[in-house]
Amino acid sequence: MYEWILPSLSEILAQNQSSVAECSPGKAERQWRVSLAATERLLLNTLADDSVDTNQGLVLAAPAPLFSQPKLTQSLETVTFTAKPFNPLALMPFQMPDAIAPIDEEIAPHESVLPLLPADPLGAEQFCLVFTDKFRLVLVLATHKNGKKTFSFSFEPEVVQQAWRSLGARVMLANPEFFARLDALVQQYSPVAPDYRIMVQFSQLLLQELTEAEETREWAVGTGEEPGEQTAEGQRGRGHKKHNNAQFPIPNSQFPIPNSQSPNPDVELLQAFAHEVRTPLTTIRTMTRLLLKRRDLDTSVINRLKIIDHECTEQIDRMELLFKAAELETTASTKSSKTQLTPMSLDQVLQQSIPRWEQAAHRRNLTLNVVLPQQLPTVVSNPMMLDQVLTGLIENFTRSLPSGSHIQVQVIPAGDQLKLQLSPQFGCKDSSKSATPPIRKALGQLLMFQPETGTISLNIAATKHLFQAIGGKLIVRQRPHYGEVLTIFLPLEVSNKHKSGAKA
């Protein structure tokens, strides 16, 4: 029997799995996060690069949009289900996409929000349904009345179809017209078992995301932690199972993710804090972008909504950076994260980032100048993190400078590395006074607090760990009359080292 008139997604997956074990909230949440990261990378790898502006799939998620990569937000239509009481769509009819007014390119064009009834147990679940021409996937994190949580996922076409029927019935209750359009969109992606190569790729991505947690788990087992828990080796042995009715191997819906423990409670607290802040901000941003699609808004209202959208995006990025820093602290070393480093175009990253850096400086009455070489070589780093880490560093750098200062950003080849240096130039005559470093107070293991501005940011050690994770190195020097100078080194691609050295 179901808890409500319609089954929740966790109930559907539980019916189709041999066993779904309850576990601690922290462990289930880690399983959810790792699986989402692997799903995001699988989508980035399988979506066509030359069709960014065309719809290549559908994502149904709750309680907020889950993917923030521009390639995904532009290529996938997203529908978010939320039980939030302030959801404006619960009080107004849904506006169909063909009536949407042109909006700024920065606003995600394929986002919709649908309300859930207060009594619906689905409101206690976080889920993600993905429909593409390559695969279908459902992931669910459920919270139970006893406080325990369960995570499960499935690639099985019939299970995903049942999950869609359950969600579709809810959409029919809330908005019959939108259901017809959404159902037609779902039917575009035929419910066939995914190619085995997709399964292999997902398993590899999942294992890569698991590497850091496995290292921590092996350390914990060696110190005698929780004797009732299985060892990492035993867990890996249960990593996959083959479903009797499927043509291809289906990953185990309870893929065992080690229950790593932080060596310091500050780390777990920071992870929980970042998650709790990011979720409502993402919901606010989604609703703001929905309002921006309306044609009857005054220009001043549109401008204010764009400011809200920008502030939400900036804080969401900060929370993701804090979360990643906390995640790195739970491992014995950062070597495992370097397995994801790939050659990438720094020119493309800077073209997207420099306008945001200039805006950040302008908001604090600073000026910023970026000096680039005629040709930027290819560097080896993490494409998904480099822009985020650099932008976070420059944001913190601008907060530490007095109003009227100038920031010089210089990018130059330096042997087999690329050097990016941030140095301040002060506008007042008494440069020694201006160059006095700001007062910073430690907040736990990872954060620092700047009383003059009320700013909370990652400390220098945590920031250096982030740069190590993306293959780089951060050096901080305090120079008299010049203030704090930050230097970042990024390794060059092997084929570019000789070429760049000749130009330098």
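So, here's what we can say about the structure.

Procedures and definitions
- Residues numbered from 1 in each chain as written.
- Predicted model: local features only at pLDDT ≥ 70, side-chain atom pairs only at ≥ 80, totals over all residues.
- Heavy atoms only, no water.
- Pairing = 2+ DSSP bridges.
- Helix = DSSP H or I, 4+ residues; strand = E, 2+ residues; numbered from the N terminus.
- Salt bridge = Lys/Arg side-chain N within 4 Å of Asp/Glu carboxyl O.
- Buried < 20%, exposed > 50% of the residue type's maximum accessible area, 1.4 Å probe, protein only.
- Axes fitted to C-alpha atoms, helices over the stretch in contact; angles between N-to-C directions.
- Contact = heavy atoms within 4.5 Å.
- Right-handed = clockwise from strand over helix to strand, strands pointing away.
- Phe/Tyr/Trp six-rings, centres within 6.5 Å; stacked < 30°, edge-to-face > 60°.

### Details of the pairing of strand 16 (residues 455-458)
Phase 1: As paired elements, strand 15 (residues 447-450) and strand 16 share four bridges and run antiparallel to each other. The residue bridging Met448 from the neighbouring strand is Ser457, located in strand 16.

### Quick word on the pattern of salt bridges
Phase 1: Scanning the model with the defined rule gives twelve salt bridges in all.
Phase 2: Of the charged contacts in the structure, one is a salt bridge between Glu77 and Arg181, with a shortest N-O distance of 2.7 Å. Residue Glu77 is found in strand 2 (residues 76-82), and its partner Arg181 is found in helix 5 (residues 176-187); the two are separated by 104 residues along the sequence.
Phase 3: For Glu77, a relative accessible area of 6% gives the class buried.
Phase 4: Note on Arg181: relative accessible area 25%, which makes it partly exposed.
Phase 5: A salt bridge links Arg363 to Glu395; its shortest N-O distance comes to 3.5 Å.

### With respect to the sheet that holds strand 16
Phase 1: Sheet architecture is open: three strands sit in the order 14-15-16, paired in antiparallel fashion. Sheet topology places strand 14 (441-443) and strand 16 at the edges, where each strand pairs with a single neighbour. Taken pair by pair, the neighbouring strands of this sheet meet at an average axis angle of 35 degrees, ignoring direction.
Phase 2: When strand 14 meets strand 15, the two strands line up antiparallel, connected through three bridges. Within the sheet, the bridge partner assigned to Lys441 lies in strand 15 and is Phe449.
Phase 3: Lying over the sheet, helix 9 (residues 299-329) contacts strand 15 and strand 16, oriented at roughly 45 degrees with respect to strand 16.

### A short note on the pairing of strand 1 (residues 57-62)
Phase 1: With six of six residues buried, strand 1 lies mostly within the body of the structure.
Phase 2: This β-α-β element, strand 1 to helix 3 (residues 70-75) to strand 2, shows right-handed connectivity.
Phase 3: In this structure, strand 1 lies alongside strand 4 (residues 125-132), joined through six bridges in antiparallel fashion. Of the residues in strand 4, the one forming a bridge with Val59 is Val130.

### Notes on the packing of aromatic side chains
For any two aromatic rings, the description comes down to two numbers: the centre-to-centre distance and the angle of the planes.
Phase 1: On inspection of all chains with the given rule, the structure shows eight aromatic pairs.
Phase 2: Between Phe135 and Phe155, the ring centres sit 6.0 Å apart and the planes meet at 55 degrees, which makes this aromatic pair tilted. With a gap of 20 residues between them, Phe135 in the loop between strand 4 and strand 5 (136-143) and Phe155 in the loop between strand 6 (149-154) and helix 4 (157-174) connect regions that are remote in the sequence. Each member of the pair Phe135 and Phe155 is classed as buried.
Phase 3: Plain terms: the ring middles of Phe151 and Phe153 are 6.0 Å apart, the flat faces sit at 40 degrees to each other, and that makes the pair tilted.
Phase 4: Joined through ring pairs, the aromatic side chains of Trp32, Phe135, Phe151, Phe153, Phe155 and Phe202 make up one cluster.

### Looking at the sheet that holds strand 13 (residues 417-425)
Phase 1: Ordered by their spatial adjacency, five strands build an open sheet running 10-12-13-18-17, and the pairing between neighbours is mixed. The sheet terminates laterally at strand 10 (367-371) and strand 17 (473-479), the two strands that pair on one side only. Strand-to-strand twist across the sheet, computed as the mean angle between neighbouring axes with direction ignored, equals 15 degrees.
Phase 2: As paired elements, strand 17 and strand 18 (residues 483-491) share seven bridges and run antiparallel to each other. Within strand 18, the residue paired with Val476 across the bridge is Leu486.
Phase 3: Sitting on the sheet, helix 11 (residues 383-399) touches strand 10, strand 12 (406-414), strand 13, strand 17 and strand 18, and the angle it makes with strand 18 is about 170 degrees.
Phase 4: With respect to the sheet, helix 13 (residues 460-469) is in contact with strand 17 and strand 18, its orientation differing from that of strand 17 by roughly 145 degrees.

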